[in-house]
Amino acid sequence: MLSKRIIACLDVRDGQVVKGVNFEDLRSAGDPAELARRYNAEGIDELVILDITATLEARRALPATIRAVARELFIPLAVGGGIRSEADAAAAIDAGADKVSVNTAALTDPRIITTLADRYGSQAVVVAVDAKRMPPEESAAGGARFAVYARSGQTAVNRDAVEWAREAESRGAGEILLTSIDRDGTKRGFECELTAAVSRAVSIPVIASGGAGTLGHFVEVFTDGCADAALAASIFHYAETSVRALKEHLHAHHIPVRR
Amino acid sequence: MTMIALIDYGAGNLTSVKKALAAIGAEVFTPRRPEDIAPAQGVIVPGVGHFGATNSLDQRWMDAILERIGEGRPLLGICLGMQWLFEGSDEAPDCRGLGVLGGRCYRLGAAGTVKVPHVGWNSLTFQPGASIVDGITPGAQVYFTHSYVVPITSDTVAMSNHGEAFAAVVQHGQVAGVQFHPEKSGDVGLRVLRNFVALT
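Residues numbered from 1 in each chain as written. Chains lettered and ligands numbered in written order. Predicted model: local features only at pLDDT ≥ 70, side-chain atom pairs only at ≥ 80, totals over all residues. Heavy atoms only, no water.

Visitor: For the overall build of chain A, give the residues involved together with the corresponding values.
Guide: The secondary structure content of chain A amounts to 10 helices and 12 strands. In terms of overall size, chain A behaves like a compact globule, its C-alpha atoms giving a radius of gyration of 17 Å where 259 residues would be expected to give roughly 18 Å. Expressed along its principal axes, the backbone C-alpha trace of chain A runs to roughly 50 × 45 × 40 Å. The buried share of chain A, taken over its 259 residues, is 60%. In chain A, of all internal contacts separated by at least 6 residues, the share reaching a separation of at least 24 is 65%. Chain A carries 30 positive and 35 negative side-chain charges, and their two centres are separated by 2 Å. (Helix = DSSP H or I, 4+ residues; strand = E, 2+ residues; numbered from the N terminus. Rg over C-alpha atoms; globule rule 2.2 N^0.38 Å. Buried < 20%, exposed > 50% of the residue type's maximum accessible area, 1.4 Å probe, protein only. Contact = heavy atoms within 4.5 Å. Lys, Arg positive; Asp, Glu negative; His and termini not counted. Charge placed at Lys NZ, Arg CZ, Asp CG, Glu CD.)

Shown next as structure tokens:
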């Protein structure tokens, strides 16, 4: 049976791992390669490196950081942040990334999804969707709606998260990395309503992100949230829980994990 | 040091496979022309993506690889590279595989009960015995990312399950294939690569 994946996210700025709340108030959490080693030893299933200021500063994700992390790890590595072109993706993949994550660039011109999928295969193309819950008056009768934001959560793009995920899939995305901006860094739990809505709408895997604070939150996102994978940062960086303890907890709740 | 020819036919990047082979102490080269594979003590066909990408492995490449197999050199196909060892695939019906293993590749999930592509860590079920899975414990998990699978035949030595049982590892003498990515499957994956190198 396919295991639910636990993914650690390294938000990188200036070569250091940082973490904020609601995409702001960043503080340092250590060296990327050192954290990657620790998580790998604890049994993390996958790593994501996000160069969180690359798009804002209009430059590429740092190849040196990717190389340092990829050198000694034999698990999947995805890289995002500042991937705007086929050349940017090639640079990340040549440095050792297995997948690239596109966000702002795909919203600006969705054809990049197909271009990358044609060159590297869909399995190498993750479309990251950052979404915020819309006010109740703008939601449909069936439930809450979620609006998509670009540029590290700074710019609303007037798109619905479920529709955008569907379009990304049809254009060749292999996975959706879905982040709730409202929950990011808050430790209040994943936005399960958002995750479930997107996961049911697409046939590709959905990675839930934003809000992990307790072991129970992961159980929720794999059951109520229908997530295929869950991504977290702070909870691991500050050693509030170990990957191993999390997996034992999920196993005890009958959620299939790699142990 | 064992010399392994890693066949680069433009389907995805080879960095991870090279890195993993270096980690287990094998020497890797990527032949540019079919005749360049002559010094290889073993051949690996990696790959991700669409079966159509194998089209660039033309008759000359096929002959060069078949010649190596004829000399008793081991051959390992990884993911798409494993599918290419079979006769063909529904993914690209006009594209011929190497045909050293019998059968045709088909799409996973016809029942529509699971998500496809099959992405993530899944467990291997097998009866120990085949050299390619030597030292690996049944139930061990490995990393998959694919939509198509090879048929289950007498060459299947380990299976996995995603909505249906499918062949995860095949071996027929010196020819082996893995549907998962050994270069991305932690210690279990590195063990498979070591087992392959031991066949040389």
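Visitor: Help me get a handle on the sheet that holds strand β6 (residues 104-107) of chain B, residues and values and all.
Guide: Residue and element names in this part refer to chain B. Across the sheet, 3 strands lie side by side as β5-β6-β9; this open sheet has mixed pairing. Of all the strands in the sheet, just β5 (88-89) and β9 (148-149) have a single pairing partner and so form its edges. Looking at chain direction, β5 and β6 are connected through 2 bridges and run parallel. Looking across to β6, one finds that Ser-89 is bridged to Cys-105. (Pairing = 2+ DSSP bridges.)

Visitor: Account for the sheet that holds strand β1 (residues 3-6) of chain B, with residues named and values stated.
Guide: Residues and elements named next belong to chain B. Read from one edge of the open sheet, 7 strands run β2-β1-β3-β4-β12-β11-β10, paired in mixed fashion. Taken across any chain shown, the strands that pair with only one partner, and hence form the sheet edges, are β2 (27-29) and β10 (156-161). Shown here is a sheet whose adjacent strand axes are inclined to one another by a mean of 25 degrees, direction ignored. Alignment of strand β11 (residues 165-172) against strand β12 (residues 175-178), held across 4 bridges, turns out to be antiparallel. Bridged to His-172 within β12 is Val-175. (Axes fitted to C-alpha atoms, helices over the stretch in contact; angles between N-to-C directions.)

Visitor: Tell me about the interface of chain A and chain B, residues and numbers included.
Guide: With 31 residues of chain A in contact, the opposing surface of chain B contributes 27 residues. Taken together, the connections running from chain A to chain B amount to 2 salt bridges. For A:Asp98, the salt bridge is made with B:Lys184, and the minimal N-O distance between the two is 2.8 Å. For the pair chain A and chain B, the number of links is 16 residue pairs in polar contact (both at pLDDT 80 or more). Residues of the side of chain A that touches chain B, tallied by class, amount to 14 nonpolar, 7 polar and 10 charged. (Salt bridge = Lys/Arg side-chain N within 4 Å of Asp/Glu carboxyl O. Polar contact = N/O pair within 3.5 Å; in protein donor to acceptor, adjacent residues only side chain to side chain. Nonpolar A, V, L, I, M, F, W, Y, C, P; charged D, E, K, R; others polar.)

Visitor: Kindly report on the pairing of strand β8 (residues 141-146) of chain B, identifying the contributing residues and their values.
Guide: Here β8(B) lies mainly inside the structure; 6 of its 6 residues are buried. Burial of the side chains of β8(B) extends over both faces: B:Gln141, B:Tyr143 and B:Thr145 are buried on one face and B:Val142, B:Phe144 and B:His146 on the other.

Visitor: Outline the packing of aromatic side chains, listing residues and values.
Guide: All names here are of chain A. Inspection of every chain in the model, using the stated rule, returns 6 aromatic pairs over all chains. Between Phe-190 and Phe-218 the ring centres are 5.3 Å apart and the planes differ by 75 degrees, which places this aromatic pair in the edge-to-face class. Within this pair, whereas Phe-190 is found in the loop between β10 (175-180) and α7 (192-201), its partner Phe-218 is found in helix α8 (residues 215-223), the two being separated by 28 residues in sequence. Classification of Phe-190 as buried rests on a relative accessible area of 3%. Of the residues examined, Phe-218 reaches a relative accessible area of 0% and is grouped as buried. (Phe/Tyr/Trp six-rings, centres within 6.5 Å; stacked < 30°, edge-to-face > 60°.)

Visitor: Which residues make up unusual backbone geometry, and what are the values?
Guide: Of note, the amide linkage connecting B:Val116 to B:Pro117 takes the cis form, showing an omega dihedral of 10 degrees. Looking at the secondary structure, you find B:Pro117 in the loop between β6 and β7 (118-123). With phi around 60 degrees, A:Lys187 is a residue other than glycine that occupies positive phi space. Relative to the assigned elements, A:Lys187 resides in the loop between β10 and α7. Here A:Lys187 falls in the partly exposed class, since its relative accessible area comes to 29%.

Visitor: Tell me about the pattern of salt bridges, and please be specific about residues and values.
Guide: Any two side chains of opposite charge can pair, on the condition that their charged atoms come close. Residue and element names in this part refer to chain A. For the structure shown, the criterion picks out 25 salt bridges over all chains. For the salt bridge of Arg-5 with Glu-175, the shortest nitrogen-to-oxygen distance reads 2.9 Å. On the criterion of sequence distance, the pair formed by Arg-5 in strand β1 (residues 5-13) and Glu-175 in strand β10 is long-range, its members being 170 residues apart. Given the relative accessible area of 1%, Arg-5 is considered buried. Three or more residues joined by partner-sharing salt bridges are found here, namely Arg-5, Glu-46, Lys-99 and Glu-175.

Any link to function would need more than the numbers given here.
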